[in-house]
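Analysis of the macromolecular model
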Amino acid sequence: MAAAATSGAGSRYERGLAVLHETSGRRGAAVVESLRDIAPDLGRFVVEFAYGDVYSRAGLDLRERELSTVAALAAQGDAAPQLDFHIDAALHVGVRPQEVVEALIHIVPFMGFPRALNAVGVARKVFEDRGVTFEPPVMKDPRDRYLRGTQKLVEIDGQHGLEVIESLKDIAPDLGRFVVEFTFGDVYHRPWLSPRRRQLVTVAALTAFGDVAPQLRVHIGAALNVGLSPAQVVETLIHVVPYAGFPRVLNAIGVAREVFEQRGVHAH
Amino acid sequence: MAAAATSGAGSRYERGLAVLHETSGRRGAAVVESLRDIAPDLGRFVVEFAYGDVYSRAGLDLRERELSTVAALAAQGDAAPQLDFHIDAALHVGVRPQEVVEALIHIVPFMGFPRALNAVGVARKVFEDRGVTFEPPVMKDPRDRYLRGTQKLVEIDGQHGLEVIESLKDIAPDLGRFVVEFTFGDVYHRPWLSPRRRQLVTVAALTAFGDVAPQLRVHIGAALNVGLSPAQVVETLIHVVPYAGFPRVLNAIGVAREVFEQRGVHAH
Amino acid sequence: MAAAATSGAGSRYERGLAVLHETSGRRGAAVVESLRDIAPDLGRFVVEFAYGDVYSRAGLDLRERELSTVAALAAQGDAAPQLDFHIDAALHVGVRPQEVVEALIHIVPFMGFPRALNAVGVARKVFEDRGVTFEPPVMKDPRDRYLRGTQKLVEIDGQHGLEVIESLKDIAPDLGRFVVEFTFGDVYHRPWLSPRRRQLVTVAALTAFGDVAPQLRVHIGAALNVGLSPAQVVETLIHVVPYAGFPRVLNAIGVAREVFEQRGVHAH
């Protein structure tokens, strides 16, 4: 394995450059070029590692990868230039503008409004730069928020979700109600991002955000519930490495292992 | 409960809009308006959830809520536009300029100087925009820093605080001395923010910052020590949801539950 | 100890001002001056605590301290003004430009590309402001990346590192391979930053980043492996307090204590 994987450094660079170009057109080469003056090897690592090693892997398509990237960057904060680059790349590979916005609305219950609002500001600029215009949809759902939220919570998180709500009854029952009504009744019910993509976004964002292992556990389970395979969950975690580094991903892999063992499933 | 809580979506929006206007005047409506082009529902969620559900709750007054918000945003980082908005709102609802500055000085021992310095830069701009001028006080305290720090540590944290200092004697005694002298001798002794508000600020900031559960445990206990009720502690945690999301708050609730159980107190 | 440490507040300020001037020339006084309008005591705390208490300590020289600061700030994110200040200070005390760049490349495997890329942008501006020009080296290493990575992994992390890779075989073997090839084969092998300084940078960055305790454990062990003393490890952690606050450092001290106990070594 090692020999095959490490032979031909040239081919890693060439493969990375091809994927970089496929995902971001001429902007990709510009990033690498901009590093030549003081950190040329850093530009090479972007091409070889982020694109040659990670983006070129099977398991997730480029739209799923760019949505995961946007989620990880928005969750992490302080990455506006990269968010600009990757929202542009997401559109370039065929993610719809509304899906980008939806992924950013999706992170509100997980990271709060400020991260989402600032990322929407970046998205607005990218849309303007690309001349993208669209009519943003407005959700109308006359059903009771608590009832539709409970239904969605069970559908996505299964029994674990209900247990979290139940466990809050003694100390903060309204907080449990807000999780049901807002996270699941308002946000998860929105039809403009598929349940699978919502879970890709959730897992990537929680991994990059850090210090939320219990929620990562529930949502890796939820990812399996909505049809992602264990291998795709692992692939999503590996995809986050270039954006949040190995340590948080290694810890998330430990959480995934526990979930897989409990369910008796395997990543490969 | 669910029925009452979820009936009348219109009333949540209207209630939220009224609280938003009460806390931030015309700037609140401008934020919602600015989202109409690409994410109108995100603006609606700000109004309905952050203001209609959270800010309109009893348990903390608007000055306490805005101070907690400022602390959570400053601690979290990368939220300068929101910090600008909420420092302005804090002044709007009657927080004194010196209290805002004091809350930012207060987070130095918990998150370090960079977060505080950048937030002070935002505060300066807000003060200038509002034409606020004041004579910032300069602390003079001739007492020995270590002695006055130890006294304050015991007053705020009780036995737990002394145990932390004691536990450092074998490995980093000077670090324990710095906690006593700087955190408690220098910062906690400043009279321009009440002990109750200092603990609101501490709990909100630690929750938003993440990965500091042991300190959150000590400082939730300290919040009770200075006269906040268990319900007010829970309310402070719920207040952080719109700024840092549900996961970190849910984990902080778990910490609060342990503290309440140890003391035999209840949130409601 | 307490009496000696706290007597003469004037001397702490004077000592701090001298170290501040030694590390950053006239820019240091400008920071303190800029706070006089609304938060003069915050400026005093920078001088007294960050410089008078922390920077003036023995155990690490000023180049090691500034490199650790740059690493902690880059890892933490949202500290561009402070990063600008401390990259300038690092050069001022004799850190070579290539070492600064190298420290930023070093954090890629630990925190991802965005933090490093943005910090390189700050470095570029500082180099331009100071008129620093240099020919950045380009790494050429014809050896197999996996083999040279394994060799370096064992050299730095010892048995613990191999166990991490081995533990990934059942769930994400390629992730283990990337750790070996990229972190150790590509980054750790670069000769432009000494192994000791790499571990100072790693420990400071992981502490400031948060939620990576298992990796901090491995890399505190690695710091001892490359020749840092237990006291220097503790000193590096104390050095991070002004940048990331006491809580994360106190938790890192807990991790260091476990490592020291396992090895039967003492910090003093």
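Everything numeric here is computed off the predicted structure, so don't read it as measured data.

1. Examining the overall build of chain A
Looking only at helices and strands, chain A has 16 helices and zero strands in total. For chain A, the C-alpha radius of gyration of 19 Å lies close to 18 Å, the compact-globule estimate for 268 residues. Overall size of chain A, expressed as C-alpha extent along the three principal axes, is 60 × 45 × 30 Å. Residues classed as buried in chain A amount to 66% of the 268 residues present. Considering only residue pairs separated by 6 or more positions, chain A has 76% of its internal contacts joining residues 24 or more positions apart. With the model as given, the accessible surface of chain A reaches about 9,100 Å², and the carbon-plus-sulfur share is 55%. Each charge class in chain A was averaged separately, 29 positive and 32 negative side chains, and the resulting centres sit 2 Å apart.

2. Re the relation of the copies chain C and chain A
With an axial shift of 0.0 Å and an RMSD of 0.0 Å, the rotation relating chain C to chain A amounts to 120°. Both chain copies can therefore be described as sitting about a three-fold axis. Mapped onto chain A, only 8% of the interface residues of chain C again fall at the interface, so the copies present different surfaces.

3. Digging into the interface of chain B and chain A
Taken together, the contacts link 51 residues of chain B with 52 residues of chain A. In total, chain B and chain A occlude about 4,400 Å² of area from one another, counting both sides; carbon and sulfur atoms represent 64% of this. Taken as a group, B:Ile38, B:Phe45 and B:Phe246 account for 16% of the area that chain B buries against chain A, more than any other trio of residues on that side. At the boundary of chain B and chain A, one finds five salt bridges. Residue A:Arg124 is joined to B:Asp37 by a salt bridge in which the shortest nitrogen-to-oxygen separation is 2.7 Å.

4. Topic: unusual backbone geometry
For residues besides glycine, phi is generally negative; the peptide bonds are generally trans as well. Positive phi outside glycine occurs at A:Asp211, with the angle close to 60°. With respect to the helices and strands, the residue A:Asp211 is situated in the loop between α13 (195–209) and α14 (213–225).

5. Let's talk about the pattern of salt bridges
All names here are of chain B. In the structure shown here, the tally under the stated rule is 99 salt bridges over all chains. In this structure, Arg 12 engages Glu 48 in a salt bridge whose closest nitrogen and oxygen atoms are separated by 3.2 Å. Remark: Glu 48 occurs in helix α4 (residues 40–55) and Arg 12 occurs in helix α2 (residues 9–24); sequence separation between them is 36 residues. For the pair Arg 12 and Glu 48, one class covers both residues: buried.

6. As for the packing of aromatic side chains
Per the stated rule, a full pass over the model turns up 24 aromatic pairs over all chains. For the ring pair A:Phe49 and A:Phe246, a centre distance of 5.9 Å and an interplane angle of 45° mean the geometry is tilted. Taken as a pair, A:Phe49 in helix α4 (residues 40–55) and A:Phe246 in helix α16 (residues 246–263) lie far apart in primary sequence, 197 residues in all. We note that A:Phe49, like A:Phe246, is buried. Pairing C:Phe184 with C:Tyr188 gives two aromatic rings, centres 4.8 Å apart and planes at 15°, and the pair type is stacked. Judged by its relative accessible area of 2%, C:Phe184 falls in the buried class. Looking at C:Tyr188, the relative accessible area reads 3%, which means it is buried. Feature note: the residues A:Phe45, A:Phe49, A:Phe246, C:Phe113, C:Phe178 and C:Phe182 constitute an aromatic cluster, connected by ring pairs. Here the basic side chain of B:Arg248 rests over the ring of A:Phe209, its NZ or CZ set 3.9 Å away from the ring centre.

7. Structural notes on the domain arrangement of chain A
Domain boundaries in chain A define domain 1 (10–56), domain 2 (57–139 + 190–263) and domain 3 (145–186). Domain 1 of chain A and domain 3 of chain A are separated by 43 Å when their C-alpha centres are compared.

8. Here we look at the interface of chain C and chain A
Listed by partner, the interface residues are 52 residues for chain C and 51 residues for chain A. Carbon and sulfur atoms make up 64% of the area that chain C and chain A hide from each other, which totals about 4,400 Å². Taken as a group, C:Phe113, C:Ile171 and C:Phe178 account for 16% of the area that chain C buries against chain A, more than any other trio of residues on that side. The interface formed by chain C and chain A contains five salt bridges. In this structure, the salt-bridge partner of A:Arg57 is C:Asp174, at a minimum N-O distance of 2.7 Å. At the boundary of chain C and chain A, one finds 18 residue pairs in polar contact (both at pLDDT 80 or more). If you list the elements that add at least two residues to the side of chain C that touches chain A, you get α7 (97–106), α8 (108–111), α9 (113–130), α10 (145–157), α11 (159–167), α12 (173–187), α13 (195–209) and α14 (213–225) of chain C. Broken down by element, the residue count for the side of chain C that touches chain A peaks at eleven residues, all from α12(C).

9. Thoughts on the environment of C:Phe134
Assignment of secondary structure puts C:Phe134 in the loop between α9 and α10. When the C-alpha atoms of C:Phe134 and C:Gly245 are compared, they prove to be 35 Å apart, with 111 residues separating the residues in sequence. With residues near it in sequence (within four places) discarded, C:Phe134 still touches A:Asp37, A:Ile38, C:Pro97, C:Gln98, C:Val101 and C:Phe127.

Conventions we followed
- Residues numbered from 1 in each chain as written.
- Chains lettered and ligands numbered in written order.
- Predicted model: local features only at pLDDT ≥ 70, side-chain atom pairs only at ≥ 80, totals over all residues.
- Heavy atoms only, no water.
- Helix = DSSP H or I, 4+ residues; strand = E, 2+ residues; numbered from the N terminus.
- Rg over C-alpha atoms; globule rule 2.2 N^0.38 Å.
- Buried < 20%, exposed > 50% of the residue type's maximum accessible area, 1.4 Å probe, protein only.
- Contact = heavy atoms within 4.5 Å.
- Areas by Shrake-Rupley, 256 points an atom, 1.4 Å probe, with all protein chains shown as cover.
- Lys, Arg positive; Asp, Glu negative; His and termini not counted.
- Charge placed at Lys NZ, Arg CZ, Asp CG, Glu CD.
- Least-squares fit on C-alpha atoms with pLDDT ≥ 70 in both.
- Buried area = accessible area lost by both parts, 1.4 Å probe.
- Salt bridge = Lys/Arg side-chain N within 4 Å of Asp/Glu carboxyl O.
- Phe/Tyr/Trp six-rings, centres within 6.5 Å; stacked < 30°, edge-to-face > 60°.
- Lys NZ or Arg CZ within 6 Å of the ring centre and 35° of its normal.
- Domains from an automatic or database assignment.
- Polar contact = N/O pair within 3.5 Å; in protein donor to acceptor, adjacent residues only side chain to side chain.

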